[in-house]
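Fold and geometry: a report
Spelled out from the first residue to the last, the chains are:
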Amino acid sequence: MATEQQSGEALSESRRSGPYASAVNWVEALSETQFAYLLLTPALILLGVIAIYPLASTFSMSLYADQLTGSARLGEFVGLQNYIDLFTGARNYALPSAFLPTFTSEFPFVTNIYGSALMVTLIFTVFSVLFETLIGFGQALILDQDFRGRRWVRVAIIIPWAVPIVIQGMIWYLMFQPNIGFLVGTTENPALLNQLGLIGTTPLRNTADSLFLIIVADVWKTSAFMALLILAGMQSIDRSLYDVAKVAGASRWQQFKMITFPLILPSVLVAMLFRTISAMRVYGIIETMAGCQTVPSLSCLVVTTFNAPLYGTSATVAFVTAGIIAIVVSVYIVNFASEDL
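Here's what I pulled together on the structure shown here. (Residues numbered from 1 in each chain as written. Predicted model: local features only at pLDDT ≥ 70, side-chain atom pairs only at ≥ 80, totals over all residues. Heavy atoms only, no water.)

**Considering the state of the cysteines**
A full pass over the atoms with the stated rule returns one disulfide. Bridging Cys292 to Cys300, the disulfide has an S-S length of 2.2 Å. Note on the Cys292 and Cys300 pair: the S-S dihedral is about -65°, so by sign convention the disulfide is left-handed. Taking the relative accessible area as the measure of exposure, Cys292 reaches 7% and is therefore buried. (Disulfide = S-S within 2.5 Å. Buried < 20%, exposed > 50% of the residue type's maximum accessible area, 1.4 Å probe, protein only.)

Put into structure tokens, the structure is as follows:
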């Protein structure tokens, strides 16, 4: 017993001196804020590794030659040469021939394959997010009303969103496939959309028509997602505000302008942020409906070069694409902060 007591005293004495005591004194000297940051440090390091490591690995891969180019050998370190080749168009020869001539013949101001893919992605992102927001907003206004059969209307709006992308792509592919689809006719018997000049008789074989139909298909599917997010914002509004507005004699338009819109604006912006990020990564609906060679988005370019296999070029495109998305997200976040959202 005496031996155990002596051992405990020796252990306590050792803890009051040496590195352990120094560490304890250092922690006790921290302020509450510094101590909180200290506790968060392991989690922040873990998040940083998870978020940064894939990007760092991709950037590292992009610095190596993926084929015999000039004096560089396969797998040799070439620095930023892949980036220079990508932006100057020197890599066009390494990509499927249908990529470049198909699109640049319709948009001659786009001079290289990455510019072509970037233009396709931006057009898709701007128009799909714009129309999804407008239609989703309208759907949310309808769903926010109390009327008979509202549940069935909600189901009808949500069903397209629940359809998997592959099935969605096949549905729209068949609708616009010549001799099969009822929305596209023939040269002798053109359908209504052909007569209006909106699409040709083989719309999924040229970039402009395919891009138009892919945007329509994406709006059909994803407007429900926007509607649900905006509806959640609407239903969080205190209903007593509308009662007060009615007593004050405000019209429905004035109620919308002064109460509804300002209070759901944060929800709308967040929904647009999510959809913008998702739209810039578009791939599945393109591959299923028209194919990446007809509508070459940035993600299509990554997959095509990866399958070539041109891993250095693929990593270069992927890293630049991630940078563009990061810039878009940063712009959104800065705007949110400036508006106190």
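**Some words on helix H3 (residues 32-61)**
Given a rise of 1.5 Å per residue, 30 residues ought to cover 44 Å, and the 43 Å separating the end C-alpha atoms of H3 matches this to within 8%. Along its length, H3 shows its largest kink, about 40°, at Leu40, and proline Pro42 lies within four residues downstream of that point. (Helix = DSSP H or I, 4+ residues; strand = E, 2+ residues; numbered from the N terminus. Expected span 1.5 Å × (residues − 1). Bend = angle between axes of the 7 residues up to and from the residue.)

**Considering the packing of helix H10 (residues 207-235) against helix H12 (residues 252-280)**
Closest axis-to-axis distance for the H10/H12 pair is 8 Å, and the angle between their directions is 150°. Our classification of the angle between H10 and H12 gives roughly antiparallel. Once H10 is placed against H12, the crossing between them reads as right-handed. Within the contact between the two elements, H10 uses Asp218, Thr222, Phe225, Met226, Leu229, Ile230, Gly233 and Met234 and H12 uses Ile264, Ser267, Val268, Ala271, Met272, Phe274 and Arg275. Residues that form the contact of H10 with H12 fall into these classes: 10 nonpolar, three polar and two charged. (Axes fitted to C-alpha atoms, helices over the stretch in contact; angles between N-to-C directions. Parallel < 35°, antiparallel > 145°, perpendicular 65-115°, else oblique. Left-handed = near helix turned anticlockwise from the far one by under 90°. Contact = heavy atoms within 4.5 Å. Nonpolar A, V, L, I, M, F, W, Y, C, P; charged D, E, K, R; others polar.)

**Description of the pattern of salt bridges**
Where charged atoms from two side chains of opposite charge approach closely, those side chains can pair. As enumerated under the stated definition, the model contains three salt bridges in all. Among the salt bridges present, the one from Asp218 reaches Arg275, with a minimum N-O distance of 2.8 Å. Of this pair, Asp218 sits in helix H10 while Arg275 sits in helix H12, and the two are 57 residues apart along the sequence. Judged by relative accessible area, which is 9%, Asp218 ranks as buried. Here the salt bridges share partners, and the residues they tie into one network are Glu132, Asp218 and Arg275. (Salt bridge = Lys/Arg side-chain N within 4 Å of Asp/Glu carboxyl O.)

**A closer look at the nonpolar core**
Formed by 24 residues in total, the largest nonpolar core has its most connected members in Ile214 and Met289. Breaking this core down by element, the ones donating at least two residues are helix H6 (113-143), helix H8 (165-175), H10 and helix H13 (284-289). The greatest single-element share of this core, amounting to six residues, is contributed by H10. Beyond its immediate chain neighbours, meaning those up to four positions away, Ile214 contacts Phe124, Ile285, Ile286, Met289, Ala290 and Val295. Core analysis: the second largest hydrophobic core is formed by 14 residues, Ala140, Ile259, Ile264 and Val268 among them. (Core = buried A, V, L, I, M, F, W, Y, C linked by side-chain atoms within 4.5 Å.)

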